[in-house]
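Summary of the model geometry
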Amino acid sequence: MVDHYSIGLEDSDRVNNAIGGGLPEGSIVLVEGEDGAGKSAISQRFSYGMADEGNYVTYISTELESWEFVQQMHSLSYDVVDHLLDEQLLFLHANVDTHKGGKKRQLLARLADAEILWRADVVYIDTLSALLRNDPNFEAVLEDGDEDHVIQRLVTFLRQMTLKDKTIVMTVDPTSVGDDALRPLRNVADIYFQIETNAVGQEIRRSIRVRRFQNMKNPVDDSIGFNVQQGRGISIVSRTVA
């Protein structure tokens, strides 16, 4: 029987219940959405709740530096300072602006070689598409149309990590990398979420479309509506039964 990492905060919101009680150990989770859809906010909520439950979490951000991450989490009422100080949560800023060349640009290789980040129970990569887009090996194969080779090597490494019962959550922006790169990631994902947005008047309505969810603990709806609000964080606002 598969164990699960609870997303926690059950006294504060309905997120853990909406996701079926947690994410399975040893799974690859793909969260796909365009810029501004809310994929980082979802990842931040998940990571905070997991750390709050006593799990060891690594969070890699290609956008935020450490002080910005603390500030962002605070604005969502997720006070991560104690978790960071207690080393329950390890935050790393991935500097993708490394155009001077050299080993610093080997982003995917550095990701795989950074042993300290893989000591955690759950690893968040936000966003994987930014790492891909700025890695010279991926850039080179794009010209030959052979990006599948780079992605398959990445997938092999990720599977090696999940065999150690580590769960890996990756966010991707489908507008920044091609379908040929995304297809292997979508196929290998044990859990595949697509975040969709719709404008209704002045309101932006967000929902998680659950494309795949293997080894779920409890039933999960096919579409999970949510809001992102300053001072409140993530709130579940609607649930649609398939």
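1. Looking at the pattern of salt bridges
Inspection of every chain in the model, using the stated rule, returns eight salt bridges. Between R186 and D179 there is a salt bridge whose closest N-O contact spans 3.7 Å. A residue is classified by how much of its surface remains accessible, and R186, at 18% relative accessible area, is buried. Among the residues examined, D179 registers a relative accessible area of 46% and is labelled partly exposed.

2. Notes on a negative patch on the surface
A cluster of like negative charges, contributed by E10, D11, D52 and E53, occupies part of the molecular surface. Tracing the sequence through the fold places E10 in the loop between β1 (4-5) and α1 (15-18).

3. Observations regarding the pairing of strand β3 (residues 28-32)
Among the five residues in β3, five count as buried, and that is most of the element. Of the two faces of β3, both are covered, the one formed by I28, L30 and E32 as well as the one formed by V29 and V31. Examined bridge by bridge, β3 and strand β8 (residues 191-200) share four bridges and lie parallel to one another. Among the inter-strand pairings, L30 is bridged to a residue of β8, identified as Y192.

4. Quick word on unusual backbone geometry
Residue T127 is bonded to the preceding D126 through a cis peptide linkage, with omega at 10 degrees. Considering the arrangement of structural elements, one finds T127 in the loop between β6 (122-126) and α6 (128-134). Even without being glycine, L9 reaches a positive phi, approximately 55 degrees. Turning to its location among the elements, L9 is positioned in the loop between β1 and α1. Positive phi, normally seen in glycine, also occurs at D165, with a value near 70 degrees. Counting through the fold element by element, D165 comes out in the loop between α8 (147-162) and β7 (167-172).

Analysis parameters
Residues numbered from 1 in each chain as written. Predicted model: local features only at pLDDT ≥ 70, side-chain atom pairs only at ≥ 80, totals over all residues. Heavy atoms only, no water. Salt bridge = Lys/Arg side-chain N within 4 Å of Asp/Glu carboxyl O. Buried < 20%, exposed > 50% of the residue type's maximum accessible area, 1.4 Å probe, protein only. Patch = residues over 30% accessible without salt bridge, like charges linked within 9 Å, V, L, I, M, F, W, Y side chains within 5 Å. Areas by Shrake-Rupley, 256 points an atom, 1.4 Å probe, with all protein chains shown as cover. Lys, Arg positive; Asp, Glu negative; His and termini not counted. Charge placed at Lys NZ, Arg CZ, Asp CG, Glu CD. Helix = DSSP H or I, 4+ residues; strand = E, 2+ residues; numbered from the N terminus. Pairing = 2+ DSSP bridges.

Everything listed is a geometric property; what it means functionally is a separate question.
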